[in-house]
Amino acid sequence: MTKIALRDWILLITLLPTFLASAGLGGYFSYVRYADLSRYLADQAANIAEPLAIASAFGLLQQDKAYLQRLLDVSHRKNSPLVRTIAIFDHQHQLVASSNLHKDFAELRLNKDSALPDLPQLSQQDNYLLIRAPIQLEMSEIQALALSARSNDGQTARLLRTEGRLGYVLVQVDKDKVMLAQQSSLLVTALLVLLSLSLALMLSLRLLGKLSQPLQQLLAQIERLAEGRFERHLEQPFIGEFDLMRLGVNQLANELKHYKDEMQHTVDQSTSDLIQTMEQLEMQNVALDMARRKAQDDNKLKSEFLAKMSHELRTPLNGVLGFTRQLLKTQLTHHQQDYLNTIQKSANSLLSLVNDVLDYAKLEEGRMPINPEPFSIRDLVHDAVELLAVNAFDKQLELALQIDADVPDALIGDPLRINQVLMNIAGNAIKFTEHGSIVIRLQHQPTNDDKVLLHFEIQDTGIGIAPAQQEQLFHGFAQADGSIGRRYGGTGLGLIISQRLVEAMGGQIGFHSKAGEGSTFWFSLALSAHHLNVSEPLPVQLLRQKSVLYLEPQQYSRESTLSLLNSWGLRVSACATPAQLQQALAQQDQFDIALIGRTVSLDQLNPIVELIRQIKPHCQYLYLLVNSLSPNLREALLQSGAQACLAKPAHQRKLAATLARPYNQQQEVATTSPSQPKAQLRVLTVDDNEANLKLINALLGELVETVDSATQGAEAWQLASHAHYDVIFMDINMPVMDGVTACQRIQQSSLNEETPIIAVTAHTLPGERERLLNLGFCEFLSKPLDEQMLQYALKECCPAFSLPQLSTVFTPQAQSAATPSLPQSRHVDWELALQRAAGKTELARDMLQLLLASLPQTLADLEKYRESNQKDALIQLVHKLHGATCYTGVPHIKALSETIETQLKTGASLLQLEPELFDLADQLQDLLAESQQWNF
């Protein structure tokens, strides 16, 4: 809100009333003067017109124009210059006489059709006033004329008919003088208003002069007080109330000076005390800082000790587990096998504990990486439950998985960490539930952005947790008593690791429990949805509208499997009891599929066999879902008439494949047509890794006519300077000349300035693709490459290249014919290796042999670079190893090398990565030792 100053207020309250009063009075008197002048002019015109009308009646009656003209001339002279024109009109509106010639009397007279006026009439015409006075005789005069001899009967009749009106007199009066007088009146009024305002302004300025000086002095004194200058006082007296204000300001200055002195004394005293306190605090801070540094060093030493001890423990444990598995394959007695199984379980438990300790150490140091990638949430959860089912079967617990049908399947997150959290929590639930069920539920909630909020629940029917113990459940190494340690994993590491992993992924974790009623743990994660399907489609199209008879006594298992079958479009008749089974068979005699879920043991085989015999005649195919992995029990059940026997809860892929197998008559293995001609293309491949180069050449050799190779960038540049290529596949990290430099030189000076160059690398950081495209590459591919990826790349860069009508697809059926000659391995996933080699067994063996041949030198360089702290050289070594593992089917070594490379490129030190480097060396040595027993 705008504030009005005192000066403006004084001017406003003096000038505004003066202006309003003077303007009002002046306007009133001007209006009165204006009305008086107008009325005076009208009276003057009437005083001229009305006598003339009476005097001209006789002349007009006798039609004596000379008399009328003389009468008008005399009247005009007597009233000049007020009168401009005097005219007489007869009863027919015809001009009879005029005192002054007028250019157009038609504008002055009335219309012919207008009646003669009864009374004088006033009208305005520009700057003139017109008055028309009627010329008429009284009835007595008419009667007298009728009796006189001069009158005749016609004239008398006319007079009677016009009621004695003979015509009218027109007087045109000039208004200039009256208007001049009115304007003079207005001018005088305006002058009076200005004079009043000037007088009021002069008085206001004089008053302001009296007030402004003391006000300015008071304001200046207040500003000095605000600045802390209290020495100067106002000594000169002021007028009226201003002098009281002066005295008050002087008194305020004295009091402020007194308060300032007291406050300064207090501040000085407080400052002195504070200095002493700060000196004491500084000494304490120094001691605390030293204690903090010592605690950090101790914590670092503890983490390093945990990491190194975990590494040292895991190395012999891997040996114990490996040789135990090998020993179990030999001929053993019953007791020996029992002892070895016990050793294996104990070693697995100890290895799990060691892994938890290592994860805990990594979490404390902030080195636990979160690697988002596209994955299938249903495949992940089903795989986890399949692993958990073994422990649940041993305790005869019901394990059920319930996934809402509307949960999106393709997501972006860290599947390894999500699986770790789920396995930790669900493993605890199974481990410490003696009877009842464990139900794993997966739901999702919509959000405002493109995120998917997943909600996991793991509900058990165990002993529950007391309220006093719940507060410390997520605190590692700190339980209220030993019962919590026994209930949730001894040290509590599983839950604290799960909590920190969930928080690292931006989620939440919690639980609710009642003692004796079980517990429900939950965790929620906000993940991004992936626009593509990342999992293989299920063969559910073959199962649409198939009728299914489903028997399952356990509630949670029945609900989860029934939801899965309904989502596939099957028509399911679900039964929980034998009575319901009989009712379903009575309503429908034949079914396409029968699915029986049962709890199986040796003493329950006969009832299950009898149930199979009862249902078998009513269905085409019969399958079992049992809570056992025993091959003997499954074999006995299959011999009784079942087509297949699966463990429950059934993995969605295994269940769908099993149910659809009888309806899939044609094996879905497509091979490349031998008649498919090779594309007339010349391709250059560049890679410093012999295995990678061999694989890409083998894959491209089946697609294009000519493939040239180079092992480093300089060689590729020389080849490109002598030959034209249709496409160049360029590795990025190479010695001598890297891929970026080679790409730029090829595009600057060679025969391939317009040739598309595709970047190929085994490891990328965020933003790497955009960086390489900006540097001149036309496309970006990440290792491992496969034949289909190469086909799409060639089609994208060379429109003339046509995709084969049938692409080589390596399937498990093809693998079953190829893998019998491949040895068993703890490190090599032969199915993955064959998939990377496009199903070519010999190529897969050659790729693996190339990797094995490089391992001794890799191990030696790894140890040398680690001990000498050569970080750049180690990055190149690990990158090369990572590229080699992309195609050889060693997923654990590949993942570990990729993690080390990522951490090194993002700034981690070799000291921080010592556990991972030790782990990598152990796995490479183990793979090398294992390969000595293979017969290739």
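Just above, that's the structure.
For clarity, every value in this text was computed on a predicted model and none was experimentally measured.

The rules behind the values
Residues numbered from 1 in each chain as written. Predicted model: local features only at pLDDT ≥ 70, side-chain atom pairs only at ≥ 80, totals over all residues. Heavy atoms only, no water. Phe/Tyr/Trp six-rings, centres within 6.5 Å; stacked < 30°, edge-to-face > 60°. Helix = DSSP H or I, 4+ residues; strand = E, 2+ residues; numbered from the N terminus. Buried < 20%, exposed > 50% of the residue type's maximum accessible area, 1.4 Å probe, protein only. Lys NZ or Arg CZ within 6 Å of the ring centre and 35° of its normal. Disulfide = S-S within 2.5 Å. Arc of directions from axis to C-beta. Contact = heavy atoms within 4.5 Å. Pairing = 2+ DSSP bridges. Axes fitted to C-alpha atoms, helices over the stretch in contact; angles between N-to-C directions. 1 Å grid on protein atoms, 1.4 Å probe; cavity = no way out; pocket = protein on both sides within 12 Å on 5 of 7 lines; lining within 4 Å. Points joined across faces, edges and corners; volume = space filled by probe spheres on them. Salt bridge = Lys/Arg side-chain N within 4 Å of Asp/Glu carboxyl O. Parallel < 35°, antiparallel > 145°, perpendicular 65-115°, else oblique. Left-handed = near helix turned anticlockwise from the far one by under 90°. Nonpolar A, V, L, I, M, F, W, Y, C, P; charged D, E, K, R; others polar. Expected span 1.5 Å × (residues − 1).

J.: How would you sum up the packing of aromatic side chains? Please name residues and give values.
T.: Summed over all chains, the structure comprises 5 aromatic pairs. With a centroid separation of 4.5 Å and 10° between ring planes, the pair formed by Phe456 and Phe523 is classed as stacked. Of the two residues, Phe456 is situated in strand β10 (residues 451–460) and Phe523 in strand β12 (residues 518–529); the sequence distance between them amounts to 67 residues. Look at Tyr621 and Tyr663: their rings are 5.6 Å apart centre to centre, the planes differ by 80°, and that puts the pair in the edge-to-face class. Taken together, the residues Tyr621 in strand β16 (residues 619–626) and Tyr663 in the loop between α17 (652–660) and β18 (679–686) connect sequence positions 42 residues apart. Judged by relative accessible area, Tyr621 falls into the partly exposed class, the value being 22%. Sitting over the ring of Trp717, Arg745 keeps its end group 5.1 Å from the ring centre.

J.: Tell me what's going on with the state of the cysteines, and back it up with residues and numbers.
T.: Here the structure, examined in full by the defined rule, presents 0 disulfides. Cys797 provides the cysteine sulfur closest to Cys778, a residue in no disulfide bond, and the two sulfurs are 3.7 Å apart.

J.: Break down helix α14 (residues 578–587) for me, with residues and values.
T.: Of all the residues in α14, the buried ones are Leu581, Ala584 and Leu585. Projection of α14 onto a plane perpendicular to its axis shows the buried side chains occupying an angular sector of 95°, all on one side. Of the exposed residues in α14, those oriented more than 90 degrees away from the buried face are Ala579, Ala586 and Gln587. Packing partners of the buried residues in α14 comprise β13 (547–551), β14 (571–575), β15 (591–598) and α15 (605–615).

J.: So what about the sheet that holds strand β1 (residues 83–90)? Which residues, and what values?
T.: Strand pairing in a sheet relies on backbone hydrogen bonds, with the paired strands running either antiparallel or parallel. Strand order in the open sheet made by the 5 strands is β2-β1-β5-β4-β3, with antiparallel pairing throughout. The open sheet is flanked by β2 (95–98) and β3 (121–125), the only strands paired with a single partner. With strand direction ignored, the average angle separating the axes of adjacent strands in the sheet is 20°. In the sheet, β1 pairs with β2 via 3 bridges, with the strands oriented antiparallel. Bridge pairing in β2 places Ala87 opposite Ser98. Most of the contacts of helix α2 (residues 65–79) go to β1, to which it runs at about 155°, and overall it touches β1 and β2.

J.: Can you lay out the side chain of Gln221 for me, pointing to particular residues and giving the numbers?
T.: Among the secondary structure elements, Gln221 is positioned in helix α5 (residues 176–226). Gln221 sits in the buried class, given a relative accessible area of 0%. When near neighbours in sequence (up to four residues on either side) are disregarded, Gln221 contacts Arg232, His233, Leu234, Val249 and Ala253.

J.: Requested: an account of unusual backbone geometry, with residues and values cited.
T.: For the bond running from Lys648 to Pro649, omega is 0°, close enough to zero to count as cis. Take Pro649: it is sitting in the loop between β17 (644–647) and α17. The residue His93 is not glycine, and still its phi comes out positive at about 65°. The topology assignment puts His93 in the loop between β1 and β2.

J.: Can you tell me about the layout of surface pockets, naming the residues and giving the values?
T.: Volume-wise, the second largest pocket comes out at about 600 Å³. Along its surface, the second largest pocket is lined by 33 residues, and Arg378, Leu564, Ser567, Trp568 and Gln652 are the ones closest to its centre. Of all the secondary-structure elements, those providing two or more residues to the lining of the second largest pocket are α8 (377–394), β7 (398–403), β9 (437–445), α13 (555–567) and α17. At 6 residues, the largest contribution of residues to the lining of the second largest pocket is made by α13.

J.: Would you mind going over the pattern of salt bridges in detail, with residue names and values included?
T.: Enumeration over the complete set of coordinates arrives at 14 salt bridges. With a closest N to O distance of 2.4 Å, Asp36 and Arg39 form a salt bridge. Of the two residues, Asp36 and Arg39 both sit in helix α1 (residues 6–62), 3 residues apart, roughly one turn of that helix. Note that Arg866 is salt-bridged to Glu863, the shortest N-O span being 2.7 Å. Placement of both Arg866 and Glu863 in helix α25 (residues 841–867) is noted, with a separation of 3 residues, approximately one turn of the helix. A cluster of three or more residues bridged by salt bridges with shared partners is formed by Asp289, Arg292 and Arg293.

J.: Describe in detail the packing of α25 against helix α26 (residues 871–885), supporting the description with residues and values.
T.: Look at α25 against α26: their axes get within 10 Å of each other, and the N-to-C directions meet at 155°. With respect to α26, the element α25 is oriented roughly antiparallel. Between α25 and α26 lies a crossing of left-handed hand. Of α26, the residues touching α25 (which contributes Leu851, Thr858, Asp861, Leu862 and Tyr865) are Ala873, Leu874, Leu877, Leu881, Ala884 and Thr885. Split by residue class, the contact of α25 with α26 holds 8 nonpolar, 2 polar and 1 charged.

J.: So what's going on with the packing of α25 against helix α28 (residues 914–931)? Which residues, and what values?
T.: The description of two packed helices rests on the angle between their axes and on the distance between the axes. Running from N to C, α25 and α28 cross one another at 150°; their axes reach a closest spacing of 10 Å. Judged on the interaxial angle alone, α28 and α25 are roughly antiparallel. Between α25 and α28 the crossing geometry is left-handed. Here Leu851, Leu852, Leu855, Pro856, Thr858, Leu859, Leu862 and Arg866 of α25 come into contact with α28, specifically with Glu914, Leu917, Phe918, Leu920, Ala921, Leu924, Gln925, Leu927, Leu928 and Ser931.

J.: Quick one: what's the story with empty space enclosed by the protein, residue by residue and with numbers?
T.: Throughout the structure, instances matching the rule amount to 4 cavities of 30 Å³ or more. Approximately 70 Å³ is the volume attributed to the largest cavity. Lining the largest cavity are 12 residues, with Val686, Asp687, Ile696, Val760 and Leu785 sitting closest to its centre. At the level of elements, β18, α18 (690–701) and β20 (727–731) are the ones that each hand at least two residues to the lining of the largest cavity. Here the lining of the largest cavity takes 3 residues from α18, the largest share from any one element. Class assignment of the residues belonging to the lining of the largest cavity gives a composition of 7 nonpolar, 2 polar and 3 charged.

J.: How would you sum up the environment of Phe777? Please name residues and give values.
T.: With respect to the helices, strands and loops of the structure, Phe777 is situated in the loop between α21 (768–774) and β22 (779–782). In this structure, the C-alpha to C-alpha distance between Phe777 and Ala759, residues 18 residues apart in sequence, is 6.3 Å. Ignoring any residue separated from it by four or fewer positions in sequence, one finds Phe777 in contact with Met730, Ile732, Gly739, Val740, Cys743, Ile757, Ile758, Ala759 and Leu772.

J.: Can you lay out α2 for me, pointing to particular residues and giving the numbers?
T.: Between its terminal C-alpha atoms α2 stretches 21 Å, which fits the 21 Å expected from 15 residues at 1.5 Å a residue. Turning to α2, its buried residues are Leu68, Leu71, Leu72, Ser75 and His76. Taken around the axis of α2, the buried residues stretch over an arc of 130°, which confines them to a single face. Among the exposed residues of α2, those oriented more than 90 degrees off its buried face are Ala66, Arg70, Arg77 and Lys78. The secondary structure elements touched by the buried residues of α2 are α1, β1 and β2.

J.: Help me get a handle on the sheet that holds strand β19 (residues 704–710), residues and values and all.
T.: Strands sit in the order β19-β18-β20-β21-β22 across an open sheet of 5 strands; the sheet is parallel. A strand with exactly one partner marks an edge of an open sheet, and here the two such strands are β19 and β22. Taken pair by pair, the neighbouring strands of this sheet meet at an average axis angle of 20°, ignoring direction. Pairing geometry for β18 and β20, over 4 bridges, is parallel. Residue pairing across strands places Leu684 opposite Ile728, the latter belonging to β20.

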